[in-house]
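Here is how the chains run, residue by residue.
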Amino acid sequence: MKKIIGTLTLLVLVITLLAACGKSEANSEGKNQNTEDKKILKMATSADFPPFESRDTAGNYEGFDIDLAHMVAKELGYELEIEDMKFDGLVGALQSGRVDMVMAGMSATEKRRQNVEFSTEYNRSGEMFIFKPTNAFKDLESLKGKTIGVQLGTIQEEGADALSEEYGFTVKKVDDAGTMIQELNSNRIDVAYMDKSVAKGYIKEQDLQGFDDPTTSSPGMGIAFPKDSDLVEDVNKALKKFEENGELQKLKDKWLNEQ
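Residues numbered from 1 in each chain as written. Predicted model: local features only at pLDDT ≥ 70, side-chain atom pairs only at ≥ 80, totals over all residues. Heavy atoms only, no water.

Trainee: Pulling in residues and values, what's your account of the nonpolar core?
Mentor: Generally speaking, soluble globular proteins have nonpolar side chains that are buried together. If you look at the biggest cluster of nonpolar residues, it comprises 42 residues, and the most contacted ones within it are F64, L68, M101, I130 and M194. No other element matches helix α2 (residues 64-76), which puts seven residues into this core. Those residues in contact with L68, other than ones at most four positions away along the chain, are M103, Y122, L239, F242, L248 and L251. One finds M85, L90, A93 and A108 within the second-largest nonpolar core, a separate group that totals 15 residues. (Core = buried A, V, L, I, M, F, W, Y, C linked by side-chain atoms within 4.5 Å. Buried < 20%, exposed > 50% of the residue type's maximum accessible area, 1.4 Å probe, protein only. Helix = DSSP H or I, 4+ residues; strand = E, 2+ residues; numbered from the N terminus. Contact = heavy atoms within 4.5 Å.)

Here's what the structure looks like:
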């Protein structure tokens, strides 16, 4: 009798274990399915360009482009993943298929359009020359013989190269905007040439001075994609919606107009 009871008990334990394993496998399959169904939007940026993209004290991404990218991803039903890299490597990351899009305060120039697709423009800033208060530069003519810092791969690099021939200054190229400001404060360059919205932030933060570049009207900023990307049309629709419902202006008021 005890043998029969023991056998029945063992049988019940085996059945219970099999049922538990089946449930565990089902749950595991469900989790895998959810993971597979999750749509990821991979975005590259160069997080050294406040107020468009930078990191807070905890290392989290923040800025105008970051907020807008999250809005676009949510509108299209994606989860956003951000990868930080040097600005001059962003186009290559798109061409290699490493990322789906780039948001980095990137001007939609004709030269870049040869290699990538752009969304409709979402912001237009212009450029500024900024410098320490001890240097009373007033215009381009006053920059003759000086050293002007620019960020590699930017539209400002192209502009400075062209202007240097006419106005007689030297161009020094660095990896990012933060390094450029360090070069300025260490007197290794006389002037930094950068996007106007970014420049205003540094002028306020570091007690610098500056003047607008009067010579150019640079193209506006766009979201960049690989050639023939299926995302361009949907993103343009999202940007149009944010423009019409005022959400884009709210971001500009938050990040740009307070400068």
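Further notes follow.
Trainee: How would you explain the packing of aromatic side chains if you had to name every residue and give the values?
Mentor: Aromatic ring pairs: the centre-centre distance and the angle between the two ring planes describe each pair. Taken as a whole, this structure holds seven aromatic pairs when the rule is applied. Pairing F131 with F137 gives two aromatic rings, centres 5.3 Å apart and planes at 85 degrees, and the pair type is edge-to-face. The exposure classification of F131 matches that of F137, with both residues buried. Through a chain of ring-to-ring contacts, three or more aromatic side chains come together here, namely F129, F131, F137, Y193 and F211. Over the ring of Y78 we find K39; its NZ or CZ atom is 4.4 Å from the centre of that ring. (Phe/Tyr/Trp six-rings, centres within 6.5 Å; stacked < 30°, edge-to-face > 60°. Lys NZ or Arg CZ within 6 Å of the ring centre and 35° of its normal.)

Trainee: If you had to explain the pairing of strand β7 (residues 127-131) to someone new, which residues and values would you point to?
Mentor: Burial runs high along β7: five of the five residues are buried. Judged by which residues are buried, β7 turns out to be covered on both faces: E127, F129 and F131 on one side and M128 and I130 on the other are all buried. Both β7 and strand β10 (residues 191-195) contribute to a ladder of four bridges, which runs antiparallel. Bridge pairing in β10 links E127 to D195. Inspection of the sheet shows β7 paired to strand β11 (residues 209-212) by four bridges, in the antiparallel sense. Paired with F131 across the bridge in β11 is Q209. (Pairing = 2+ DSSP bridges.)

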